[in-house]
Amino acid sequence: MELQSDYELQKPSNFPMRTYRILIVEDEKPIRDMVYFALGSDGYEIIEAVDGRGATEKLAQQTPHLILMDWMLPDVSGLELVRRIKRDDLTREIPIIMLTAKTEERDKIEGLDSGADDYITKPFSIKELSARIRAVLRRSDPNEHDNKLMHGRLVLDLDAHHVLIDGQQIEVGPTEFRLLEFFMTHSDKVYSRAQLLDFVWGRSKFVEERTVDVHILRLRKLLKPHDCHTMVQTVRGYGYRFVVEK
Ligand code: CA
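Summarised in this report is the structure supplied together with it.

The rules behind the values
- Starting afresh in each chain, residues are numbered from 1 along the sequence in its written order.
- Reporting in this predicted model follows two pLDDT cut-offs: at least 70 for local features of residues, and 80 or more for side-chain atom pairs to be given and counted; totals over whole chains, interfaces and linings ignore these cut-offs and use all residues.
- Water and hydrogen atoms play no part in the side-chain values, which are based on all heavy atoms of the structure.
- Secondary structure follows DSSP: runs of H or I at least 4 residues long count as helices, runs of E at least 2 residues long count as strands, and numbering of each begins at the N terminus.
- Should any heavy atoms of two residues lie within 4.5 Å, those residues are counted as being in contact.
- Using the Shrake-Rupley algorithm and a 1.4 Å probe, accessible areas are obtained, with residue cover drawn only from the displayed protein chains.
- Working rule for helices: expected span equals 1.5 Å times residues minus one.
- Only protein chains enter the accessibility calculation, which uses a 1.4 Å probe; a residue is then buried when its area is under 20% of its type maximum, exposed when over 50%, and partly exposed in between.
- The directions from the helix axis to the C-beta atoms form the arc being described.
- Strands pair, by our definition, only if DSSP identifies at least two bridges between them.
- With axes taken as lines fitted to C-alpha atoms, and helix axes fitted only over the stretch in contact, angles between N-to-C directions fall between 0 and 180 degrees.
- Metal sites are built from N, O and S donor atoms within 2.8 Å, or 3.2 Å for Na, K and Ca, and they leave out water, so they may look incomplete.
- For Phe, Tyr and Trp, rings pair up if their centres lie within 6.5 Å, where Trp contributes its six-membered ring, and each pair is then called stacked (planes under 30 degrees apart), edge-to-face (over 60) or tilted (otherwise).
- By convention a nonpolar core is built from buried Ala, Val, Leu, Ile, Met, Phe, Trp, Tyr and Cys residues, the set being connected through side-chain atoms within 4.5 Å.
- One speaks of a salt bridge when a side-chain nitrogen belonging to Lys or Arg is within 4 Å of a carboxyl oxygen belonging to Asp or Glu.

## Observations regarding the overall build of the protein chain
Line of reasoning, step 1. Across its full length, the protein chain carries ten helices and twelve strands.
Line of reasoning, step 2. Considering only contacts within the protein chain whose residues lie at least 6 apart along the sequence, 59% involve residues at least 24 apart.
Line of reasoning, step 3. Put simply, the protein chain shows about 13,300 Å² of open surface, and 51% of that area lies on carbon and sulfur atoms.

## What about helix 2 (residues 29-40)?
Line of reasoning, step 1. In this model helix 2 runs 15 Å from its N-terminal to its C-terminal C-alpha over twelve residues, within 8% of the 16 Å that 1.5 Å per residue would give.
Line of reasoning, step 2. Listing the buried residues of helix 2 in full gives Ile31, Arg32, Val35, Ala38 and Leu39. Along the axis of helix 2, the buried positions cluster into a sector of 150°, meaning they face one direction only. Along helix 2, the residues that are exposed and aim more than 90 degrees away from the buried face are Pro30 and Phe37.

## Some thoughts on the sheet that holds strand 9 (residues 168-170)
Line of reasoning, step 1. Strand order in the open sheet formed by four strands is 6-7-8-9, and the pairing between neighbours is antiparallel. Single-partner strands in this sheet number two, and they are strand 6 (148-151) and strand 9. Here the strands of the sheet are splayed against their neighbours by 25° on average, with no regard to which way each runs.
Line of reasoning, step 2. Taken together, the four bridges between strand 6 and strand 7 (residues 154-157) define a ladder with antiparallel strand orientation.

## With respect to the sheet that holds strand 3 (residues 66-70)
Line of reasoning, step 1. One open sheet accounts for five strands, arranged 2-1-3-4-5; its pairing is parallel. Both outer strands of the open sheet, strand 2 (45-49) and strand 5 (118-121), are each paired with one neighbouring strand and no more. Each strand of the sheet is rotated relative to its neighbour by a mean of 20°, with strand direction disregarded.
Line of reasoning, step 2. Bridge count between strand 1 (residues 21-25) and strand 3: four bridges; the pairing is parallel.

## Observations regarding the coordination of the calcium ion
Line of reasoning, step 1. Distances from the calcium ion to its protein donors, Asp27 (OD), Asp70 (OD) and Met72 (O), fall within 2.1 to 2.3 Å.
Line of reasoning, step 2. In terms of primary sequence, the donors binding the calcium ion are separated according to D-x42-D-x1-M. Of this pair, Asp27 sits in the loop between strand 1 and helix 2 while Met72 is found in the loop between strand 3 and helix 4 (78-87), placing the two residues 45 residues apart along the sequence.

## With respect to the packing of aromatic side chains
Line of reasoning, step 1. Inspection of every chain in the model, using the stated rule, returns five aromatic pairs.
Line of reasoning, step 2. Between Tyr36 and Phe37, the ring centres sit 5.4 Å apart and the planes meet at 90°, which makes this aromatic pair edge-to-face.
Line of reasoning, step 3. The partly exposed category is assigned to Tyr36, whose relative accessible area is 38%.
Line of reasoning, step 4. What links up through ring pairs into an aromatic cluster is the set Phe182, Phe183, Tyr191 and Phe242.

## Considering the nonpolar core
Line of reasoning, step 1. Among the nonpolar cores identified, the biggest contains 30 residues, and Leu154, Leu156, Leu180, Phe183, Leu196, Leu223 and Phe242 are the most heavily contacted of them.
Line of reasoning, step 2. Among the elements of the structure, strand 7, strand 8 (162-165), helix 8 (174-185), helix 9 (193-201), helix 10 (209-223) and strand 12 (239-242) are those that each provide at least two residues to this core.
Line of reasoning, step 3. Take this core: its biggest share by element is six residues, from helix 8.
Line of reasoning, step 4. Not counting the four nearest positions on each side in its chain, Leu196 is found in contact with Phe182, Phe183, Tyr191, Trp201, Val212 and Tyr240.
Line of reasoning, step 5. Core analysis: the second largest hydrophobic core is formed by 19 residues, Leu73, Val76, Leu79 and Ala116 among them.

## Thoughts on the pattern of salt bridges
Line of reasoning, step 1. Under the definition given, this model contains 17 salt bridges.
Line of reasoning, step 2. One salt bridge connects Glu26 with Lys122, and the closest N-O pair in it is separated by 3.1 Å. Of the two residues, Glu26 sits in the loop between strand 1 and helix 2 while Lys122 sits in the loop between strand 5 and helix 6 (126-140), which places them 96 residues apart along the sequence.
Line of reasoning, step 3. Residue Glu26 is classed as buried on the basis of its relative accessible area, which comes to 0%.

## Examining unusual backbone geometry
Line of reasoning, step 1. With an omega of -5°, the peptide bond running from Lys122 to Pro123 counts as cis.
Line of reasoning, step 2. Phi angles above zero are rare outside glycine, and Asp188 is one such case at about 65°.
Line of reasoning, step 3. Looking at the element boundaries, Asp188 is found in the loop between helix 8 and strand 10 (190-192).
Line of reasoning, step 4. You can call Asp188 partly exposed: its relative accessible area is 42%.
Line of reasoning, step 5. A positive phi angle, near 65°, is found at Asp227, a position not held by glycine.
Line of reasoning, step 6. Take Asp227: it is sitting in the loop between helix 10 and strand 11 (232-235).
Line of reasoning, step 7. Using a relative accessible area of 54% as the deciding quantity, one classes Asp227 as exposed.

Any functional reading would require information that these geometric values do not contain.
In structure tokens, the structure reads:
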């Protein structure tokens, strides 16, 4: 029963196409928490920073796909931080959405002039934020157009229906391909057999849960010669998880 309610929270349409990493720079904990829980359950990876210094540190460690930037930070203005990010060659391409409590038109224009891609006025709903994030990511992500999923050595060409490991094509059946596509867009999370049936096979078909195991086994067998089979992990008593090689 617990699994079922869990599933209800995770409708497939809510999931982004691939795992995007979002850095939120915000000193107000309730807002950080709201974003963390809501977007985290949408499949985004969330990194948090509470001020400009923390944001700079996080940016030096890893590049996010998008930054949510509070306007008023304790140590530096969000606007100044945006200017710095846009001046740096390593970070200038990262799209930024400003989170602002200010409602004056003048401030919004100033925000966009500094290089921010969009702004959202507090208080905002997660639905609104989600929609803005998706729109900004769609505009900024060139991968969205070539229709390929990439995770380390593994490449899934969604148009050609090819799986490549280290550039070498491997033959996989249609179900294994769909399974891999799902895993690559939903990595690092555990899914029960019932959830995998819903997402990969579709709810309309009646398929036994044991079928999932059969196809997981086949997928692992195909990945094994390339040493990628360990990416598909069994989580005892629950289901399976796809872990991306670091
Ligand atoms: Ca603030």
